[in-house]
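Inside the fold
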Amino acid sequence: MPDPGPSPLTASLPAAAARLGTDVLARALAAPAPAPQDAPRWIPGGPSGLGTTTVSFARPAPVPDPPADLLPDPAGAPAATPSAAEGRPVPGLYFHPIPEPDPVRVDEVSRRIKDWALDEVQLYPDEWEGQFDGFSVGRYMVACHPDAPTVDHLMLATRLMVAENAVDDCYCEDHGGSPIGLGGRLLMAHTALDPLHTVPEYAPAWADSLGADAPRRAYRSAMDYFVRAASPSQADRFRHDMARLHMGYLAEAAWAETGHMPEVWEYLAMRQFNNFRPCPTITDAVGGYELPADLHARPETQRVIALAGNATTIVNDLYSYTKELSSPGVHLNLPVVLAEREKLSERDAYLKAVEVHNDLMHAFEAAAAELAATLPVPTVLRFLKGVATWVDGNHYWHQTNTFRYSLPDFW
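One structure accompanies this document, and this report is about it. (Residues numbered from 1 in each chain as written. Predicted model: local features only at pLDDT ≥ 70, side-chain atom pairs only at ≥ 80, totals over all residues. Heavy atoms only, no water.)

1. Focus on the overall build of the protein
Looking only at helices and strands, the protein has 18 helices and zero strands in total. Every one of the 411 residues in the protein was classed for burial, and the buried ones make up 54%. Within the protein, contacts between residues at least 6 apart in sequence are counted, and of these 77% link residues at least 24 apart. Working note: accessible area of the protein is about 17,500 Å², and carbon and sulfur atoms make up 58% of it. (Helix = DSSP H or I, 4+ residues; strand = E, 2+ residues; numbered from the N terminus. Buried < 20%, exposed > 50% of the residue type's maximum accessible area, 1.4 Å probe, protein only. Contact = heavy atoms within 4.5 Å. Areas by Shrake-Rupley, 256 points an atom, 1.4 Å probe, with all protein chains shown as cover.)

Okay, here's the thing in structure tokens:
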């Protein structure tokens, strides 16, 4: 498949602005990320850049980034070039190459997240260290959030990503997970994100429960960092999307308990909930600004975010296909469901899943371009670009993480 080059979403946004007789879109997309301050805050002095002058929140100052010469300003980075990292893309998959993530930032985020995992939340035993390192979460988050003004901003997303994966692994899948009793475990973990408000007699027992296992410790700590950095509406938005994620986990667990093979449309409905949506939805908080709650809640914005989450989750289905086939039992993914429900060979089902992904990507880009044309508000435009960048960074990580993923021999 020919290299599609830079995302047509960002390429089409200036054209949308031209049709509206304004250059506000191009100016918004060209605006550099806010530079770190001498005494940086989580979101330095409040959001900066076009369209954010009416939004302000002050937060406690975190540990500063390394010196500026150690962490170059992303705005001064060289122009994007295709990734030279190892790993080949799924043939026929529609995606956009990205530049290699800043290696200095990758190393710093990787160091900090491991310190957090070991020293702050005691996330994993020694024998899991290789798997933690192989996840390459530092490279993942730097690729997805190149506009983050500081490493502290990147760490907001990184802790949450690691915590979410701890819940998935320990409650649902690889490390002792089971569908049996999952609802109770997830509900207790969710209270680390959305705290319990109860009578004094029982509050201490709940507070103690938040340290009962690694997933709850990780959720509690990651969310504490996030709520001190984000606005109340950004934090509540994240809680809502995490409730969606947990509902998706429960649907898949229920099917596992009853042996139900979902129809294709049912599987795609489940995957709209059990997907990456909580990650791109916080792209503004990680970028150091806020998309106002009323604009985030608009149906058009929600459609863009949903399609981005759906497309990136099918990317996961495709790259993790061989890994999941080697796991015990039936592991649902789109190729498996297509093969069963549409009576396709494994190869044809996989290739059809590629087509489904491509259709979702085109729908995402069309919806984002339409929203940009009809609502060219600078924060909306910046948020759309951030979500599109997250989508591209997510693919980059899946393609290049050969520790975790390998492709089937279908070509």
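2. Thoughts on the environment of I282
By the element assignment, I282 lies in the loop between α11 (264-273) and α12 (283-287). Remark: the alpha-carbon pair of I282 and F238, spanning 44 residues in sequence, is separated by 7.0 Å. Those residues in contact with I282 that lie beyond four places of it in its chain are A157, L160, F226, R237 and F238.

3. Considerations on the packing of helix α16 (residues 334-341) against helix α17 (residues 346-374)
Contact pair α16 / α17: the axes reach a minimum separation of 8 Å and the direction vectors enclose 120 degrees. Between α16 and α17, the angle is such that the two are oblique. Classified by chirality, the crossing of α17 by α16 is right-handed. Together, L334, P335, L338 and A339 of α16 and A349, Y350, K352, A353 and V356 of α17 make up the contact between the two elements. (Axes fitted to C-alpha atoms, helices over the stretch in contact; angles between N-to-C directions. Parallel < 35°, antiparallel > 145°, perpendicular 65-115°, else oblique. Left-handed = near helix turned anticlockwise from the far one by under 90°.)

4. Some remarks on the layout of surface pockets
Within this model, the second largest pocket holds a volume of roughly 1,000 Å³. Around the second largest pocket sit 47 residues that line it, and D168, E173, E252, N274 and H331 are the ones nearest its centre. Elements represented by at least two residues in the lining of the second largest pocket include exactly α6 (151-172), α10 (232-258), α11, α14 (299-319), α15 (321-325) and α18 (378-400). Sort the elements by how many residues they give to the lining of the second largest pocket and α6 lands first, with seven residues. Residue classes in the lining of the second largest pocket are distributed as 23 nonpolar, 14 polar and 10 charged. (1 Å grid on protein atoms, 1.4 Å probe; cavity = no way out; pocket = protein on both sides within 12 Å on 5 of 7 lines; lining within 4 Å. Points joined across faces, edges and corners; volume = space filled by probe spheres on them. Nonpolar A, V, L, I, M, F, W, Y, C, P; charged D, E, K, R; others polar.)

5. Topic: the side chain of R216
Inspection of the secondary structure puts R216 in helix α9 (residues 214-229). On the basis of relative accessible area, R216 is assigned to the buried category, the value being 13%. With sequence-adjacent residues up to four places away left out, R216 is seen in contact with Y171, M188, A189, A192, S209 and L210.

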